[in-house]
Amino acid sequence: MSKIKFLIDKYKGINVQAKASMWYTLCNILQKGISFLVVPIYVRMLTTAEYGRYAVFQSWRDILVIFATLNLYCGVFTKAMVDHEDDRDRYTSCMQGLSTLITGVFLALYAVKHQFWNSIFDLDTITMLLMFGYFICYPALSFWSVRQRVEYKYVSMVVVTLVIAVVTPIVSILLLVFTDLRELAVMWGYLIVQILFGGFFYLYHFIKSKVVCVWEYWKHAIKFNIPLIPHYLSIIVLGQADRIMIEELSGEDEAGIYSLAYQVSMIMNLFVSAVNGSLVPWTYENLKKKNYGAIASLGTKLCAVMGVLTLLVTMVAPEIIWVLGSDKYVEAKWIVPIVALSVFFTFCYNLFSTVEFYFGETRFVMVASTIGAVLNIVLNAIFIPLYGYMAAGYTTLVCYIVFALAHYIFMCRICKKQIGGEKVYDIKSMVLLSVVLAIGTVISMLLFDFVLVRYILIAAVGIAVLANLKKIIGMIKSTRQ
């Protein structure tokens, strides 16, 4: 009891920013964990083709929402919650009004030739209309969530996020069990829950402020966010276009198998999300203080931790795929290591782009992101027909390497201009880690059929991680101080 009281007293003593960071991290882990746990249910209740169609729907949804909302709940909105501290209610309502107007324009375009668009996206009219309802309501939920973060109202934010995370799969599974909708049940379950919760906050914002348009706010938001659309779109294309192209070039079954392999990356994204939430503001603060050595040191250490996590996921890929997807998805084990390696380079790119965003050089972010996305589409179009759907994993890896390299080059140019060429990251160590990790990944794949050897290596890596667990936790904690 004394230890529990000590922990409670210690928790009460930390500031609200630290509490918020802790709860947001925990919430993120639980949210992604719930999504990960329902994957085995979906893949066992659906055929590989049906799961493939659901995965392609997710890709189209994430691409179309950028155009239908201009991603107004990203970038410009977070900054505005600081800049317009005394007018947050009106600003939120105005952004919601602008987002609704943009969605309305796209809905009108859809209504004119809805059969044509249905054939393009391979979706029926009801699903398309539900998706437009999602485009209208989802930004409202996002606006509310961002504001809770800015105001450190972590309790309400965590509760709503986790309720949605739990309710969504429940509704989808109930529709799967009690209807003949098949993959539509999972699509509709997600959309309906988002519309209901988002719709509540949609009405809440308008009732609270009673303002739809402030032209100055609208003009600034459009001017700020439109140049970032290529960046937002490129991020989605890098992560999602594979599935769409695999469905078109190889088939729905292959899209389903590939999508399951991609889901495994969520394991690593738990670490990425947990670290990035506090690493970005920590990096900003240290860039402001010119503590470049601290940034470089922590960046290299976190890359090393990410590398170890990548190897662990790779070494247990066959078992993960068996648990998540059964024997139908056994081929996916060969894609998991390549996807895991891609996530590692995603983490590296995030380190570099944070510096770009700090100095406000968003045009470089846009150029680097566009290069990666265009290259991904071109390589997929060439190699998927030649070598099958597995080629998409390798093309994506190449694109993420190019993506990270482009961001590093632009970051160096920015640093030369802004801080006299100071070295923010130890690139030699990061390159060495990347090479070692690539070699380790190949070795792990060669050992897939040697179960005993793999588990001896897993045990050795696990012991090393446990021996250094305090140091790893200390690194993560240091970003919250």
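Our subject is the structure listed above.
Attention in this report is confined to the structure presented alongside it. As the structure is a prediction and not an experimental result, all values here were calculated from the model. (Residues numbered from 1 in each chain as written. Predicted model: local features only at pLDDT ≥ 70, side-chain atom pairs only at ≥ 80, totals over all residues. Heavy atoms only, no water.)

Quick look at the overall build of the protein now. Scanning the protein from N- to C-terminus turns up 21 helices and 0 strands. Going through the 481 residues of the protein one by one, you find that 51% of them count as buried. A sequence separation of at least 24 residues applies to 82% of the contacts in the protein between residues at least 6 apart. Accessible area of the protein: about 22,300 Å², with a carbon and sulfur share of 71%. (Helix = DSSP H or I, 4+ residues; strand = E, 2+ residues; numbered from the N terminus. Buried < 20%, exposed > 50% of the residue type's maximum accessible area, 1.4 Å probe, protein only. Contact = heavy atoms within 4.5 Å. Areas by Shrake-Rupley, 256 points an atom, 1.4 Å probe, with all protein chains shown as cover.)

Attention shifts here to helix H15 (residues 317–325). Within H15 the residues assigned to the buried category are Ala317, Pro318, Ile320, Ile321, Leu324 and Gly325. Along H15, the residues classed as buried sweep out an arc of 165 degrees about the axis, all on the same side. Of the residues trailing H15, Ser326 is marked for its positive phi of about 65 degrees. (Arc of directions from axis to C-beta.)

The next point concerns the state of the cysteines. Per the counting criterion, the structure on display carries 0 disulfides. As a non-bridged cysteine, Cys415 has Cys412 as the owner of its nearest cysteine sulfur, 6.4 Å distant. (Disulfide = S-S within 2.5 Å.)

What follows concerns the packing of helix H5 (residues 88–112) against helix H10 (residues 215–225). Their axes nearest at 10 Å, the elements H5 and H10 cross at an angle of 65 degrees. Taken as a pair, H5 and H10 cross one another with a handedness that is right-handed. On H10, the residues that touch Arg90, Tyr91, Cys94, Met95, Gly97, Leu98 and Leu101 of H5 are Tyr217, Trp218, Ala221 and Ile222. Across the contact of H5 with H10, the residue classes break down as 9 nonpolar, 1 polar and 1 charged. (Axes fitted to C-alpha atoms, helices over the stretch in contact; angles between N-to-C directions. Left-handed = near helix turned anticlockwise from the far one by under 90°. Nonpolar A, V, L, I, M, F, W, Y, C, P; charged D, E, K, R; others polar.)

Within the structure shown, the criterion is met by 26 aromatic pairs. Ring centres of Tyr134 and Tyr138 lie 5.0 Å apart, and the angle between their planes is 25 degrees; on these two criteria the pair is classed as stacked. You can see Tyr134 and its partner Tyr138 sitting in helix H7 (residues 125–150), 4 residues apart, about one turn around the helix. Accessibility expressed as a relative area gives 3% for Tyr134, which makes it buried. Taking relative accessible area as the criterion, Tyr138 reaches 22% and is therefore assigned partly exposed. By the ring-pair criterion, three or more aromatic residues cluster together here, those being Tyr73, Tyr110, Phe132, Tyr134, Phe135, Tyr138, Phe143 and Tyr190. Residue placement shows Lys113 over the ring face of Phe116; its charged tip is 5.4 Å from the ring centre. Looking at Arg243, its charged tip hangs above the ring of Tyr262, at a distance of 5.1 Å from the centre. (Phe/Tyr/Trp six-rings, centres within 6.5 Å; stacked < 30°, edge-to-face > 60°. Lys NZ or Arg CZ within 6 Å of the ring centre and 35° of its normal.)

All right, on to the side chain of Asn118 then. Its place among the elements puts Asn118 in helix H6 (residues 114–121). Not counting residues up to four positions away in its chain, the partners in contact with Asn118 are Tyr110, Leu123, Asp124, Thr125 and Met128.

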